[in-house]
Amino acid sequence: MKEYKYKINGNIYNVVINELEDNIAQVEVNGTPYKVEMEKAPKQAPVIKPVARPAAPQPAAAPSTPVSKPAAAPRKSGVKSPLPGVILDIKVNVGDAVKKGQTVVILEAMKMENNINADKDGTVTAINVNKGDSVLEGTDLVVIE
């Protein structure tokens, strides 16, 4: 049995969770019993861990030779979810070349379909979501390099 106190719009609610079986919870709110059916947990996307690569050995520079900075490598950037919602469709695949403004994901939020567009030209290197996933604002959906 777990007890919680919530303040919603200035009203205080005492919530007691008595029993939890599968996705049905026996709950009391201010002494009134309820059976609450929760959604089954969405499948979580596999976590992609970056692989650490050893740095290439650098030849020693002569003390009198100025050392130049290496050329800047292309930056990876994630196309972020602008608001919480559910992924309806993924319009690209890993390896696809995309142009700035091209639709990469369709996100349903507040019963509206929202086109999420690439923020730059590049190549899709990772897709961090699946169709049907619930995402929060700021979640990296697609990585473009």
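For the structure itself, consult the block above.
Thresholds, definitions, all that
- Residues numbered from 1 in each chain as written.
- Predicted model: local features only at pLDDT ≥ 70, side-chain atom pairs only at ≥ 80, totals over all residues.
- Heavy atoms only, no water.
- Salt bridge = Lys/Arg side-chain N within 4 Å of Asp/Glu carboxyl O.
- Helix = DSSP H or I, 4+ residues; strand = E, 2+ residues; numbered from the N terminus.
- Buried < 20%, exposed > 50% of the residue type's maximum accessible area, 1.4 Å probe, protein only.
- Pairing = 2+ DSSP bridges.

Chemist: Sorry if this is basic, but what is going on with the pattern of salt bridges here?
Modeler: Close approach of charged atoms allows side chains with opposite charge to pair. Enumeration over the complete set of coordinates arrives at three salt bridges. The salt bridge partner of lysine 80 is aspartate 140, with a shortest N-O separation of 2.7 Å. Taken together, the residues lysine 80 in strand β5 (residues 77–80) and aspartate 140 in strand β12 (residues 140–144) connect sequence positions 60 residues apart. Between lysine 131 and aspartate 89 there is a salt bridge, with its nearest N and O atoms 3.4 Å apart. Of the two residues, lysine 131 sits in the loop between β10 (122–127) and β11 (134–135) while aspartate 89 sits in strand β6 (residues 85–90), which places them 42 residues apart along the sequence. When its relative accessible area of 56% is taken as the criterion, lysine 131 is described as exposed. What you see here is one network of salt bridges that share partners, running through Asp89, Lys91 and Lys131.

Chemist: I'm lost on the pairing of strand β8 (residues 103–109) in this one. Help?
Modeler: If a strand is regular, its side chains alternate between the two faces of the sheet. Among the seven residues in β8, five count as buried, and that is most of the element. Alignment of β6 against β8, held across four bridges, turns out to be antiparallel. Each bridged residue has a counterpart across the sheet, and for valine 86 the counterpart in β8 is glutamate 108. Judged from the six bridges that link them, β8 and strand β9 (residues 112–117) form a sheet pairing that is antiparallel. From the neighbouring strand, threonine 103 faces β9, where its bridge partner is asparagine 117.

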